[in-house]
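Fold and geometry: a report
The residues making up each chain are set out below.
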Amino acid sequence: MVTLDMVRNNPLVKQYMQIGNEYIGNIGAIEHNMYHAEQTSRLCYHILSSLGYSERESELGSIAGFLHDIGNLVNRYGHGMSGALLSFNILLEMNMDPEEIATIMGAIGNHEEQARGNAVNNVAAALILADKSDVHRSRVRKRDMAVFTPRDRVNYAVTSSELQVDATERVISMIIEIDTTVCSVMEYFEIFLTKMLMSRRAAEYLNCEFELVINGNKLL
Ligand SMILES: [Fe+2]
Ligand SMILES: [Fe+2]
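Summarised in this report is the structure supplied together with it. The structure displayed is predicted, hence computed values, not measured ones. (Residues numbered from 1 in each chain as written. Chains lettered and ligands numbered in written order. Predicted model: local features only at pLDDT ≥ 70, side-chain atom pairs only at ≥ 80, totals over all residues.)

**Considering the overall build of the protein chain**
Selection criterion: The numbering of helices and of strands both runs from the N terminus, where a helix is a DSSP run of H or I of at least 4 residues and a strand a run of E of at least 2. C-alpha atoms define the radius of gyration, and 2.2 Å times the number of residues to the power 0.38 defines the globule rule. Whether a residue is buried, exposed or partly exposed is read from the other C-beta atoms within 10 Å of its own C-beta, which are placed from the backbone; 20 or more gives buried, 12 or fewer gives exposed, and intermediate counts give partly exposed. Residue pairs qualify as contacts under a 7 Å threshold applied to their C-beta atoms, which are placed from the backbone.
Along its length, the protein chain carries nine helices and four strands. For the protein chain, the N- to C-terminal ordering of α and β elements is α-α-α-α-α-α-α-α-β-β-α-β-β. The C-alpha radius of gyration computed for the protein chain amounts to 17 Å, which stays within 12% of the reference 17 Å derived for 220 residues, consistent with globular compactness. For the protein chain, the C-alpha atoms occupy an extent of roughly 50 × 45 × 25 Å along the three principal directions. Here the protein chain holds 220 residues, and the buried ones make up 43% of them. Of the contacts formed within the protein chain by residues at least 6 apart in sequence, a portion of 62% connects residues at least 24 apart.

So this is what it looks like as structure tokens:
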């Protein structure tokens, strides 16, 4: 059985993820480094296991979470689709079970809101929630605020973000603290609305309600 550690220690995976992050760094995109991969991987596992999905399905979530941005190597645009295909080759080479590879491909290929990502399976739903909740100041690479894109600004505004899973009530909450001198709560909400709606649909797929709390205000 292919484990998260085996994927993480695959030299090709490491190399391609690092080069991909460098490439998109050259065009000023926010950080998609090993920390983001590890964080998404951990959260995916946490969401699935706390909601009572099997150990193996949760591990598939952790693998999809680790690999999800590997497609940045090919192009930032459509990196979900290219990432799914890159992962296909890597996981096939590692002799992963074809059905498990399919689960991971569906998840990675559906994690981008621009590419009309949808929760097509449990792992895809967890990946959307985990990925979208990793917003933080530390992911912005630019140092000059004058050249910030709206996405840089909303990321820079976030001083803490946390995803809470209440398995008994079946509620998934995204708790975010933002620095309102950088961007207002409304502006944040406006820019992140598509991501938040995608997260809500993903939570519904897992039979959970979705809650968004920014600076103590419940917005969704
Ligand atoms: Fe991504
Ligand atoms: Fe990501």
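**Comments concerning helix α9 (residues 185–205)**
To keep it simple, the criterion reads: Two axes enter the bend calculation: one fitted to the seven residues ending at the residue in question, the other to the seven starting there, and the bend is the angle between them.
Taking the largest bend as the criterion, α9 deviates by roughly 65°, centred on L193. Every buried residue of α9 is listed here: Y188, F192, M198, S199, R200, A202 and A203. Of the surrounding secondary structure, the elements contacted by the buried residues of α9 are α7 (122–133), α8 (150–157), β2 (171–178) and β3 (209–214). At the C-terminal side of α9, N207 shows a positive phi close to 55°.

**Comments concerning the environment of E93**
Mapped onto the fold, E93 is located in helix α5 (residues 79–93). For E93, a count of 10 C-beta atoms within 10 Å translates into the label exposed.

**What to know about the environment of R151**
Within the secondary structure, R151 sits in helix α8. Overall, R151 belongs to the partly exposed group, with 15 C-beta atoms counted inside 10 Å. Residues R151 and A29, spaced 122 residues apart in sequence, show a C-alpha to C-alpha distance of 9.3 Å. Non-local contacts of R151, meaning those with residues more than four positions away in its chain, are made with I30 and I191.

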